[in-house]
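Breakdown of the fold
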Amino acid sequence: MALGAMVLLTVAGCASTSTDGPPAASPARLPDASQTFELRLSFDDLEPGRGQLVAALYGDAASFDGEGEPHRFTYIPIEGEIARWTLSLPAGEYAVKAFQDLDADGELGRGDFGIPSEPYGFSNGARGTFGPPNWAAARFELKSDDERTIALR
């Protein structure tokens, strides 16, 4: 018998068929995958009026760690000290990477030893050791409308 069928039989065997007593508790409701939520991202500590903000939203560990493409990507002109990005997304796990592209060349500038020379940041304020943080440090769960701030350093 397949594992799925055994689990289904086991769960079905636990269901009450008696009409006596209180009704059985209903299972926890999972987010509806077809429902979307608004994610409002604010990026602060920017150098006013310089370059553009480059931001990427990832939906899985592999792409976040460089083995794929971001789920969403954007360039935001810098007008003040804060940039904003609003997205409509289904429930799920996400993580954000961003940097202020001071020279507007589309790439994160690097100095000696590959250390970023332009302000950068990650969701949850995550920091890596000798490199960018991993998915576990930067990931967050979106299950309702949410607002997050990412400080660049």
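Here, the structure is the one placed above.
Residue positions are given per chain, counting from 1 as you read along its sequence in written order. This being a predicted model, a pLDDT of at least 70 is required before a residue's local features are given, and a value of 80 or more before pairs of side-chain atoms are given or counted; all residues contribute to the totals for chains, interfaces and linings. By convention in this description, side-chain values take in all heavy atoms of the structure and omit both hydrogens and water.

Let's talk about the environment of Gly-68
Secondary structure counts use DSSP, requiring at least four H or I residues in a row for a helix and at least two E residues in a row for a strand, with both numbered from the N terminus. Summarising the element assignment, Gly-68 is placed in the loop between helix H2 (61-67) and strand E3 (72-77). To sort residues, take the accessible area from a 1.4 Å probe on protein chains only and compare it with the maximum for the residue type: under 20% means buried, over 50% means exposed, and anything in between is partly exposed. Residue Gly-68 is classed as partly exposed on the basis of its relative accessible area of 35%. For the pair formed by Gly-68 and Tyr-58, sequence separation is 10 residues and the distance between their alpha carbons is 9.3 Å. Should any heavy atoms of two residues lie within 4.5 Å, those residues are counted as being in contact. Non-local contacts of Gly-68, meaning those with residues more than four positions away in its chain, are made with Ala-62 and Ser-63.

As for the packing of aromatic side chains
Between rings of Phe, Tyr and Trp, where Trp is taken as its six-membered ring, a pair exists when centres lie within 6.5 Å; planes separated by under 30 degrees are stacked, by over 60 edge-to-face, and by other angles tilted. All chains considered together, the criterion is met by 4 aromatic pairs. Look at Tyr-58 and Phe-64: their rings are 5.5 Å apart centre to centre, the planes differ by 90 degrees, and that puts the pair in the edge-to-face class. Given a relative accessible area of 10%, Tyr-58 falls into the buried group. With a centroid separation of 6.1 Å and 70 degrees between ring planes, the pair formed by Tyr-120 and Phe-122 is classed as edge-to-face. Overall, the relative accessible area of 11% leaves Phe-122 in the buried class. Feature note: the residues Tyr-58, Phe-64 and Trp-135 constitute an aromatic cluster, connected by ring pairs.

Remember, this is a structural readout, not a statement about activity or role.
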